[in-house]
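Chain residues, written in single-letter form:
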Amino acid sequence: MTVEQRKTIEDALNSIPVSVRKGMYGTMEGVEEQLARGDKIIFYMRPHEVPGGFYIDKMKVSEDD
């Protein structure tokens, strides 16, 4: 995962309500677990345009910078 990809995911997770930051897709620990498994596509939560809303997005993992 590149530094830019990690920052994008961290920013997205920090933008969602604390109450939903849990599990595989809502924490950096969950993202790290996906990477450790060797997943090539990482799923994570991000805010939605609807106030208070969020959704699960995905990103294809690139090689480290």
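To be clear, the structure that these remarks concern was listed above.
For every chain, the first residue of the written sequence is number 1, and numbering continues from 1 along that sequence. With pLDDT at 70 or above as the cut-off, local features in this predicted model cover only qualifying residues; side-chain atom pairs require 80 or more to be listed or tallied, and sums for whole chains, interfaces and linings still use all residues. Side-chain figures throughout are based on the complete set of non-hydrogen atoms in the structure, without hydrogens or water.

Topic: the packing of helix α1 (residues 3-14) against helix α3 (residues 28-36)
Point 1. To obtain each axis, a line is fitted to C-alpha atoms, and for helices this fit is confined to the stretch in contact; angles are then taken between N-to-C directions over 0 to 180 degrees. Per the convention used, a helix needs a DSSP run of H or I reaching at least four residues, while a strand needs a run of E reaching at least two, with both numbered from the N terminus. The geometry of α1 relative to α3 is characterised by a closest axis approach of 10 Å and an angle of 145° between their N-to-C directions. In contact with Arg-6, Ile-9, Glu-10 and Leu-13 of α1, α3 contributes Met-28, Val-31, Glu-32 and Leu-35. What makes two residues a contact is simply this: any of their non-hydrogen atoms within 4.5 Å.

Describing the environment of Pro-51
Point 1. Along the chain, Pro-51 falls in the loop between β1 (41-47) and β2 (54-60).
Point 2. For the pair formed by Pro-51 and Ile-41, sequence separation is 10 residues and the distance between their alpha carbons is 27 Å.

Some points on the side chain of Gln-34
Point 1. By the element assignment, Gln-34 lies in helix α3.
Point 2. Ignoring anything within four residues of it in the chain, the contact list for Gln-34 reads Met-24, Tyr-25, Asp-39, Ile-41, Ile-42 and Phe-43.

Examining the pairing of β1
Moving residue by residue along a regular strand, the side chains alternate between the two faces of the sheet.
Point 1. In this scheme, strands are said to pair when DSSP sees at least two bridges between them. Two strands pair when backbone bridges link them, and β1 and β2 are joined in this way by seven bridges, in the antiparallel orientation. Bridge pairing in β2 links Phe-43 to Lys-58.
Point 2. Linking two consecutive strands that pair antiparallel, namely β1 and β2, is a turn of six residues; a positive phi of about 80° is found at Gly-52 within it.

Quick notes on the environment of Gly-23
Point 1. Tracing the chain through its elements places Gly-23 in helix α2 (residues 23-26).
Point 2. Classification of residues uses two cut-offs on accessible area relative to the type maximum, computed with a 1.4 Å probe and protein chains only: under 20% is buried, over 50% is exposed, and between them is partly exposed. Overall, the relative accessible area of 46% leaves Gly-23 in the partly exposed class.

What about the nonpolar core?
General note: in soluble globular proteins, nonpolar side chains tend to be found buried as a group.
Point 1. Throughout, nonpolar core names a set of buried Ala, Val, Leu, Ile, Met, Phe, Trp, Tyr and Cys residues whose side chains join them through atoms within 4.5 Å. Of all hydrophobic cores here, the largest spans 12 residues; its members are Met-1, Ile-9, Ala-12, Leu-13, Ile-16, Val-20, Met-28, Val-31, Ile-42, Tyr-44, Met-45 and Met-59.
Point 2. Filtering out sequence-adjacent residues up to four positions away, Ile-42 remains in contact with Met-1, Ile-9, Val-31, Gln-34, Leu-35, Asp-57, Lys-58, Met-59 and Val-61.

Overview of α3
Point 1. Along α3, the residues classified as buried are Met-28, Gly-30, Val-31 and Gln-34. The arc that holds the buried residues of α3, viewed along the axis, is 160°, so those residues lie on one side. Facing away from the buried side of α3 by more than 90 degrees, the exposed set consists of Glu-29 and Ala-36.
Point 2. Elements that come into contact with the buried residues of α3 comprise α1, α2 and β1.
Point 3. Looking one or two residues past α3, Gly-38 carries a phi angle of roughly 90°, positive in sign. Taking the helix axis as origin, the arc is that swept by the directions to the C-beta atoms.

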